[in-house]
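Take a look at the letters that make up each chain.
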Amino acid sequence: VIISDDAELLGRLSGGDEAAFTELVTRYHPQLVRFARTYVSRPELAEDVAQETWIAALRGLDKFEGRSSLRTWLFRICANRARTAGQTDKRTIPVDNDPILEQFAPDGSWISPPQAWAHEIAGHVDDADLVRAVHAAILELPDMQRQVVTLRDVQGLTAQEVCDVLTISDANQRVLLHRGRTGVRDRLDRRVGAR
Amino acid sequence: MSILRRRSGLVCRDAVSLIGGYLDGALSPKDRRRLEAHLATCPHCAEYVDQLRATIALAGHQAPPVLEPQTEQALSELFQRWRSE
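The rules behind each value
- Residues numbered from 1 in each chain as written.
- Chains lettered and ligands numbered in written order.
- Predicted model: local features only at pLDDT ≥ 70, side-chain atom pairs only at ≥ 80, totals over all residues.
- Heavy atoms only, no water.
- Contact = heavy atoms within 4.5 Å.
- Buried area = accessible area lost by both parts, 1.4 Å probe.
- Salt bridge = Lys/Arg side-chain N within 4 Å of Asp/Glu carboxyl O.
- Polar contact = N/O pair within 3.5 Å; in protein donor to acceptor, adjacent residues only side chain to side chain.
- Helix = DSSP H or I, 4+ residues; strand = E, 2+ residues; numbered from the N terminus.
- Nonpolar A, V, L, I, M, F, W, Y, C, P; charged D, E, K, R; others polar.
- Buried < 20%, exposed > 50% of the residue type's maximum accessible area, 1.4 Å probe, protein only.

**Q** Summarise the interface of chain B and chain A; cite the residues concerned and give the values.
**A** Listed as interface residues are 41 residues of chain B and, on the opposing side, 55 residues of chain A. Across the chain B to chain A interface the summed buried area is about 4100 Å²; carbon plus sulfur atoms make up 68%. Sorting the residues of chain B by area buried against chain A places Arg13(B), Leu58(B) and Trp82(B) first, and these three jointly supply 16% of that buried surface. At the junction of chain B and chain A, the tally comes to two salt bridges. Between Arg152(A) and Asp24(B) there is a salt bridge, and its shortest N-O distance comes to 2.8 Å. Scanning the region where chain B abuts chain A turns up 16 residue pairs in polar contact (both at pLDDT 80 or more). Secondary-structure elements contributing two or more residues to the side of chain B that touches chain A are helix 2 (12-23), helix 4 (43-59) and helix 5 (69-83) of chain B. A per-element tally of the side of chain B that touches chain A places helix 4 of chain B first, with 13 residues. Residues belonging to the side of chain B that touches chain A are distributed by class as follows: 22 nonpolar, eleven polar and eight charged.

Right, here's the structure in full:
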């Protein structure tokens, strides 16, 4: 599969070339649905949000200035649509201390050190049950953590792209990502550690 | 613990508070060296990092995205409506 670059695709799209549109939706529609799912409670709403994203993108083609990547621009439109549809977005940034830091004694050592299980799953990172468990755990995270973890770890956006999509600072992005990853790890710990 | 502390200058709590930046490549070279020195001698913190790494790896695995035929059809209709606007 030859992946055309953004500028070329956009040019063809403006000219009404449906093949360019098909190429874009094949690449991004499933990602947009997954991302929208982090905002809305009902899965079918996520599909609606992703379709609305395409309508808005097509109508706003001439407004795309190429300052961000096409992907960032699409996710940003999707975030705005999803925020309206879901109204779940509290946009809260955790400011309290990391909960993990409560697990240490006054001298800074672990009160109850982590059980060893990383090696057990290191060779099974494509295990369908574990992957499902992790994706379910991501959906249980607080709103913005869920969005940042989905964009970074599930969909592979860069830190800068996530900041642009969610209009948050780099420092906030980092806190949300780490807190989210820690939350998912804790849920996995309860599942795997209990075996 | 006192040996660990002297070797790396970090107690476990401090090491864990650096892990977020470490996994995101955002630590200063000095903090990264201090954390890596701690991880080399502390199995608990090393396990914790490995667990986060495994979590991230699992999150990145998803079924290859497939467009359902009915979705493809809906999107195609959407495109044609836009083109005739």
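Following the structure, the description resumes.
**Q** Outline the environment of His38(B), listing residues and values.
**A** Residues and elements named next belong to chain B. Here His38 lies in helix 3 (residues 29-41). Considered as a pair, His38 and Tyr48 are ten residues apart in the sequence and their alpha carbons are 12 Å apart. For His38, the side chain forms a polar contact with the main-chain oxygen of Leu10, separated by 3.4 Å.

**Q** Run through the pattern of salt bridges, naming residues and quoting values.
**A** All names here are of chain A. All told, the structure shown has 16 salt bridges over all chains when counted by the stated rule. With its nearest N and O atoms 2.7 Å apart, the salt bridge here joins Asp143 to Arg146. Taken as a pair, Asp143 and Arg146 lie in helix 7 (residues 143-154) at a separation of three residues, close to a single helical turn. Taking the relative accessible area as the measure of exposure, Asp143 reaches 14% and is therefore buried. For Arg146, a relative accessible area of 9% corresponds to the buried category. Linked by salt bridges that have partners in common, Glu8, Arg12, Asp17, Glu23 and Arg27 make up one network.

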